[in-house]
Amino acid sequence: MPNFLENIFTRLEASPQRVVLREVHSEAADKIVSVSAAELLALVERARTWLRARQIAAGERCGVIAANSVHWIAVDLALMAEGIVVVPLYHRQTAAELAAILRDCQPRLVLTGDDETAAAFVAAWPEISKPATLAEIFRTAETQRPAASFPRQRPDNDLLTIIYTSGTSGEPKGVCLSIGNLNHMTGCTTERLDQLMAAKKSAPDAIFLYAPMNFAASWMLMLSALLRESVLTLSTDLNKLADEIRLAAPHYFLNVPTLLERVKRGVEDNLAKQPGPIQSLYKRAREAWQRQHVGRGSSFDSLWLALGRKLIFSKVTARFGPNLRALICGSAPLAPETQQFFLMLGVPVLQAYGLTETTALCTLDDPRLPVEPGYVGRAVPGIEMQLAENDEIIVRGPNIFSGYWNRPEETAAVLRDGWFHTGDQGEVNAAGNWRIIGRIKNLLVLNTGHKFAPEPVEDKLAQLLPAAQQIVLIGNARSYVTMLATGKLGSASVQAAIDAINPDLPHYRQIRNFHILPEAFTPDSGLVTANGKLKRDAIAKRYDAEIHSMYARKVSA
């Protein structure tokens, strides 16, 4: 039976003139650069010819440090077709971090997106052979592609890629994914996307992608697009994201919660500046939707909601173009209020949950069923999920990775009796929908013996403090809980938010003190990962003095 990679090549061969990829350049004269299936195959063959000339053997590793592009995809397909293990890396990480990761897997070759990245990388790791750039590969003379230049035959257990985890605590670890992992998961994702687009018959799916493809979920979406009748449009400038989305006019695209929450906050901030009648209409339409959503709507509610959709909601959804069917959201739980906001606009947000170790996915909302805000959907077919000690989610199935690269002890710690221990704390309801509570390793353990996941409290505070960039609860080995908040915040507003939630919390979870940090945590500062996850240990170490000061002050118990 053909594997997923052979199926991609077969589909590309079958419709050579069909546009499969686009790059959007919002400020260029040619705003959209399109690539047909035949053109993509020609690029792949040029990359394969270049790789063969360097006599890189199947099973050797190749690091790829570059932004999303058509060339990135062509090189990725070429490496996989040649049996070379792809090690994709985030191009905005520091050269020292990139060098540390690649020292771990000892690549035969490193490819970069530009000369500047290559120079910085060599400075951080002088012993490595000089990287080649993607442009250098495609400057080579074009070759005549043989009619049947298909990928090497590879067994299901063949190592396909090593994707390094973001390293919220400790060093990043290389997650080893196989051909079999991708065979199963691409089948699951294409089935879900077929369900989402079932009523659309006339044109290919329009998909937009801005998240870097070194992240497993983004990579999975790219491969799924090539396996279906789709046109995948790649972002080239995150600073122009709004313009790019309008130009791409997608049916759906992958998001992180931060972007959707930013859209919601921007809409609400803009409405607060509008004349009174507009604000009043929005309030009435929102309340009407809320009543209808719980089955208590009236005929007047239908009227207010119709007016709201025509005069306000439609202007918001127009930002995403005329074709939008759904938004897909992953990497972290989305606040229920944000998911409800988009439902009110008429745009379902399909949540997904998974880790790199689970080949990106464990759950994904079924587009045929109503979404349940606050939950991340049911387990995808073929995957089992259970709760273990401390309500930790454990998973088994053909999507589970084979282990961490050269880390047998850490592999053994998470792969036990056929189950992968995710480190995530969760719960599942009667409908089979899963909710993610927090990370087991993030549990705050007070010196009173009480322990709890900080994320639910942080999420509630974030809703009350929309100007806050990040909120971090502190309390390990302490007698009470305190908080760090970043952003342009006033002490009075922070205290008001704390006063609003404390009465509903058990005494040991109540926040007794706080400190405001004016600058947000960024990946460059080393305090959050590339996709925005807090590096709690690094934050605690960096702000040790501020934390000590919070506990040095006397507070009421």
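Throughout what follows, the structure given in this document is the object of discussion.

Thresholds, definitions, all that
Residues numbered from 1 in each chain as written. Predicted model: local features only at pLDDT ≥ 70, side-chain atom pairs only at ≥ 80, totals over all residues. Heavy atoms only, no water. Axes fitted to C-alpha atoms, helices over the stretch in contact; angles between N-to-C directions. Helix = DSSP H or I, 4+ residues; strand = E, 2+ residues; numbered from the N terminus. Parallel < 35°, antiparallel > 145°, perpendicular 65-115°, else oblique. Left-handed = near helix turned anticlockwise from the far one by under 90°. Contact = heavy atoms within 4.5 Å. Nonpolar A, V, L, I, M, F, W, Y, C, P; charged D, E, K, R; others polar. Patch = residues over 30% accessible without salt bridge, like charges linked within 9 Å, V, L, I, M, F, W, Y side chains within 5 Å. Areas by Shrake-Rupley, 256 points an atom, 1.4 Å probe, with all protein chains shown as cover. Salt bridge = Lys/Arg side-chain N within 4 Å of Asp/Glu carboxyl O. Lys, Arg positive; Asp, Glu negative; His and termini not counted. Charge placed at Lys NZ, Arg CZ, Asp CG, Glu CD. Buried < 20%, exposed > 50% of the residue type's maximum accessible area, 1.4 Å probe, protein only. Pairing = 2+ DSSP bridges. Disulfide = S-S within 2.5 Å. Phe/Tyr/Trp six-rings, centres within 6.5 Å; stacked < 30°, edge-to-face > 60°. Lys NZ or Arg CZ within 6 Å of the ring centre and 35° of its normal. Arc of directions from axis to C-beta. Right-handed = clockwise from strand over helix to strand, strands pointing away.

## Overview of the packing of helix α4 (residues 95-105) against helix α5 (residues 115-124)
Their axes nearest at 8 Å, the elements α4 and α5 cross at an angle of 65°. With respect to α5, the element α4 is oriented roughly perpendicular. The element α4 and its partner α5 pack so that their crossing is right-handed. Contacts from Ala95, Ala96, Leu98, Ala99, Leu102 and Arg103 in α4 reach Ala120, Phe121 and Ala124 in α5. Grouping the amino acids of the contact of α4 with α5 by side-chain chemistry returns eight nonpolar, no polar and one charged.

## What about a negative patch on the surface?
On the surface, Asp114, Asp115, Glu116 and Glu136 cluster together into a negatively charged patch. Considering the arrangement of structural elements, one finds Glu136 in helix α6 (residues 134-138). Judged by its relative accessible area of 30%, Glu136 falls in the partly exposed class.

## Digging into the sheet that holds strand β9 (residues 205-209)
Pairing is mixed in the open sheet, where eight strands are placed in the order β2-β1-β10-β9-β11-β12-β13-β14. The open sheet is flanked by β2 (32-36) and β14 (363-364), the only strands paired with a single partner. Summarising the sheet, strand β13 (residues 349-353) and β14 pair through two bridges and their orientation is antiparallel. Among the inter-strand pairings, Ala352 is bridged to a residue of β14, identified as Leu364.

## A word on the pattern of salt bridges
Taken as a whole, this structure holds 20 salt bridges when the rule is applied. Among the salt bridges present, the one from Arg291 reaches Asp301, with a minimum N-O distance of 2.7 Å. Placement of the pair is Arg291 in helix α11 (residues 276-293) and Asp301 in helix α12 (residues 299-317), with a sequence separation of 10 residues. Where Glu455 meets Arg536, a salt bridge forms, and the shortest distance between an N and an O atom there is 3.9 Å. Placement of Glu455 in helix α15 (residues 455-464) and of Arg536 in helix α17 (residues 536-542) is noted, with a sequence separation of 81 residues between them. One exposure class covers both Glu455 and Arg536, and it is buried. Three or more residues joined by partner-sharing salt bridges are found here, namely Glu45, Arg48, Arg52 and Glu82.

## Things to note about the sheet that holds strand β24 (residues 481-486)
As summarised here, the arrangement of the three strands in space is β23-β24-β25, forming an open sheet in which the pairing is mixed. Of all the strands in the sheet, just β23 (470-474) and β25 (511-517) have a single pairing partner and so form its edges. Put simply, the sheet's adjacent strands are angled 20° from each other on average, direction ignored. Note: β23 against β24, five bridges, orientation antiparallel. Across the sheet, the residue bridging to Ile471 is Ala485, located in β24. Together, β23, β24 and β25 form the strand contacts of α15, whose direction differs from that of β23 by roughly 140°. Its contacts with the sheet put helix α16 (residues 491-501) on β24 and β25, and the angle it makes with β25 is roughly 150°.

## Side note on the state of the cysteines
Joining two cysteines, a disulfide is a covalent bond between their sulfur atoms. Applying the stated criterion to the full structure yields zero disulfides. Free cysteine Cys105: the closest other cysteine sulfur is in Cys176, separated by 9.5 Å.

## Focus: the environment of Ser15
One can find Ser15 in the loop between α1 (4-14) and β1 (19-24). In the structure, Ser15 is positioned 160 residues away from Val175 in sequence and 34 Å away in space, judged by C-alpha atoms.

## Some thoughts on the environment of Val75
Tracing the sequence through the fold places Val75 in helix α3 (residues 70-81). Along the primary structure Val75 and Ile516 are separated by 441 residues, whereas in three dimensions their C-alpha atoms are 45 Å apart. In this view, Val75 contacts Ala47, Leu111, Leu134, Ile137 and Phe138; residues no more than four positions away in its chain are not counted.

## Overview of the packing of aromatic side chains
This model, assessed by the stated rule, comprises 14 aromatic pairs. Ring geometry for Tyr210 versus Phe253: centroids 6.5 Å apart, planes at 65°, classification edge-to-face. Residue Tyr210 is located in the loop between β9 and α8 (216-226), and its partner Phe253 is located in strand β11 (residues 252-255); the two are separated by 43 residues in the primary sequence. Through successive ring pairs, a cluster of aromatic residues spans Phe208, Tyr210, Phe253, Phe320, Phe341 and Phe342. We note Lys173 situated over the ring of Tyr404; from NZ or CZ to the ring centre the distance is 5.2 Å. A cation over an aromatic ring shows up here: Arg478 above the ring of Tyr551, its NZ or CZ 4.3 Å from the ring centre.

## Side note on helix α18 (residues 544-552)
Turning to α18, its buried residues are Ile547, Met550 and Tyr551. For α18, the buried positions fall inside an angular range of 90° around the axis, keeping them on one side. Along α18, exposed side chains directed more than 90 degrees from the buried face belong to Ala545 and Ala552. Here the buried face of α18 lies against β23, β24, β25 and α17.

## Quick look at the pairing of strand β3 (residues 61-65)
Counting buried positions along β3 gives five out of five residues, so the element sits mostly inside the fold. By the bridge criterion, five bridges tie β3 to strand β4 (residues 85-89) in an arrangement that is parallel. Following the sheet pairing, Cys62 is matched in β4 by Val86. The parallel pair β3 and β4, bridged by α3, forms a crossover whose chirality is right-handed. Here β3 pairs with strand β5 (residues 109-112) via four bridges, running parallel. Its bridge partner lying in β5, Val64 is registered against Leu111.

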